[in-house]
Amino acid sequence: MEILGIDIGGSGIKASLVDTSTGSLLSERYRIPTPEDTSPHKILARVHEVVKHYSWSGPIGITLPEPVRNGVVLSTYNIDSSWLDADASTLFEEITDCPVTVVNDADAAGIAEIRFGEGRNHKGLVIVLTVGTGIGSALFMNGVLVPNTELGHIEINGISARVRASEKTRVEEGLKRSKWAKRLELVLSSYEKLFHPDLFIISGGLSNKADKTFPYIDIKTPLVPARFLNNAGIVGAALCAEDQFNNKVV
Ligand code: BGC
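This one's a predicted model, so the numbers in the text were calculated from it and none came from an experiment. Residue positions are given per chain, counted from 1 along the sequence in the order it is written. A pLDDT threshold of at least 70 governs which residues receive local features in this predicted model, and a stricter bar of 80 or more applies before side-chain atom pairs are shown or counted, although totals over entire chains, interfaces and linings include all residues. Excluding hydrogens and water, the side-chain figures rest on all heavy atoms present in the structure.

As for the pattern of salt bridges
For clarity, the cut-off: Each reported salt bridge corresponds to a side-chain nitrogen of Lys or Arg within 4 Å of a carboxyl oxygen of Asp or Glu. The helix and strand labels rest on DSSP assignments: H or I over at least four residues marks a helix, E over at least two residues marks a strand, and numbering proceeds from the N terminus. Whether a residue is buried, partly exposed or exposed follows from its accessible area with a 1.4 Å probe, protein chains only, as a fraction of its type maximum: under 20%, in between, or over 50%, in that order.
Evaluated as defined, the whole model comprises six salt bridges. When the shortest N-O distance is used, the salt bridge between Asp243 and Arg115 registers 2.9 Å. Here the residue Asp243 occupies a position in helix H9 (residues 232-249), and Arg115 occupies one in helix H3 (residues 105-116), the gap between them amounting to 128 residues. In this structure Asp243 comes out as partly exposed when scored by relative accessible area, which is 30%. Here Arg115 falls in the partly exposed class, since its relative accessible area comes to 30%.

Shown next, in the form of structure tokens:
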């Protein structure tokens, strides 16, 4: 099935048509900056622009950098507070006139990796982390997602993981990769103590330059970059939309 995946992140809105039988991108990736003002009408206008760019009229999967249950936004750390409790999927359906599924960005990235990427057929506990503007998490036990976990908000020595070790923090504080890696190591080793995972998969901005950062990270659990790199959110959004679309038509 061909589905439009749209990943709304802290700095960019990224989209592509996705082949949901393989997870591969079927078009050029289209990226526009996330507006400074992330009020619903501004984001809706950008999504409308993306849909027009592809002249698309089929199902759409959209991620938000917040937990989302049944299309409803559950918190607003990264987007305007007027999104709180908003039914995002209905809003996006009204502006695009297409069936829309909305999910958390990290859960989407995780689903892409579990279905077609590094987590494929992986038994046990797999933790997928998106390290970019924030730190997002997706937890899978034997391939089944526990949705809307927020491991980036766990405090370690009084500072949340996302404030301590996101890519945004690296840029803002001008940290060298080696120093940033040690902060990530502290975060990952805390997760090891809490969850004892079998595998960490890293998506988001960090995954694009994993070879420059991972060598400095010394932990017990295997650590791999996402196969879909920073496109995992786009692919996962489309996969979630397919799942929902199929349930709807059955
Ligand atoms: C949000 C998560 C999101 C992550 C990555 C965090 O600040 O709370 O829901 O997955 O950022 O965008």
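There's plenty left to go through after this.
Points about the domain arrangement of the protein chain
We count it as follows: Bear in mind that the domain bounds are from an automatic or database domain assignment. By definition, the buried area sums, over both parts, the 1.4 Å-probe accessible area that each loses when the two are put together. Definition of a polar contact: a pair of N or O atoms within 3.5 Å, with one able to donate and the other able to accept a hydrogen when the atoms are protein atoms, and with sequence-neighbouring residues admitted only if both atoms are side-chain atoms. Gly is placed with the polar residues, together with every amino acid not listed as nonpolar (Ala, Val, Leu, Ile, Met, Phe, Trp, Tyr, Cys and Pro) or charged (Asp, Glu, Lys and Arg).
Looking at the protein chain, the domain boundaries give domain 1 (2-107 + 231-249) and domain 2 (121-226). Here the C-alpha centre of domain 2 lies 23 Å away from the C-alpha centre of domain 1. Contact between domain 1 and domain 2 buries roughly 920 Å² in total, counting both sides, with carbon and sulfur atoms accounting for 47%. It is Tyr77, Ala106 and Asp107 that lose the most area in domain 1 upon contact with domain 2, and together they represent 52% of the buried surface on that side. At the junction of domain 1 and domain 2, the tally comes to three residue pairs in polar contact (both at pLDDT 80 or more). When contributions to the side of domain 1 that touches domain 2 are tallied by element, the ones reaching two or more residues are strand S6 (68-69) and H3. The residue inventory of the side of domain 1 that touches domain 2, partitioned by class, reads six nonpolar, four polar and three charged.

Considerations on unusual backbone geometry
Phi is positive for Ser55, close to 45 degrees, though the residue is something other than glycine. Exposure remark for Ser55: the relative accessible area of 64% places this residue in the exposed category. One non-glycine residue, Leu229, lies in the positive phi region at around 45 degrees. With respect to the helices, strands and loops of the structure, Leu229 is situated in the loop between strand S15 (223-225) and H9. The class for Leu229 is partly exposed, based on a relative accessible area of 36%.

Quick notes on the pairing of strand S4 (residues 30-33)
Threshold: Only strands joined by at least two bridges in the DSSP assignment are considered to pair.
Side chains of S4 alternate between two faces, with Tyr30 and Ile32 buried and Arg31 and Pro33 left unburied. As paired strands, strand S2 (residues 12-19) and S4 are joined by four bridges and run antiparallel to one another. The residue of S4 that forms the bridge with Ile13 is Ile32.

Thoughts on the side chain of Glu167
Which entries qualify depends on this criterion: Note on contacts: a residue pair qualifies if any of its non-hydrogen atoms lie within 4.5 Å across the two residues.
Turning to its location among the elements, Glu167 is positioned in helix H5 (residues 167-173). On the basis of relative accessibility, which here comes to 16%, the residue Glu167 falls in the buried class. Residues in contact with Glu167, not counting those within four places in the same chain, are Val131, Gly132, Arg177, Trp180, Gly205 and Leu206.

Here we look at the site of the ligand
The criterion, for reference: A molecule or strand has a residue near it when one of that residue's heavy atoms lies within 4 Å. Surface exposure here means Shrake-Rupley accessible area, sampled with a 1.4 Å probe, where a residue is shielded only by the protein chains that are shown.
Not every one of the 13 residues close to the ligand is listed here, only the nearest: Asn78, Asn104, Asp105, Glu150 and His153. Here an oxygen atom of the ligand sits 2.7 Å away from a polar atom, N or O, in the side chain of Glu150. Taking Arg162, its side chain carries an N or O atom lying 3.0 Å from an oxygen atom of the ligand. Burial of the ligand by the protein chains amounts to 95% of its free accessible area of 310 Å².

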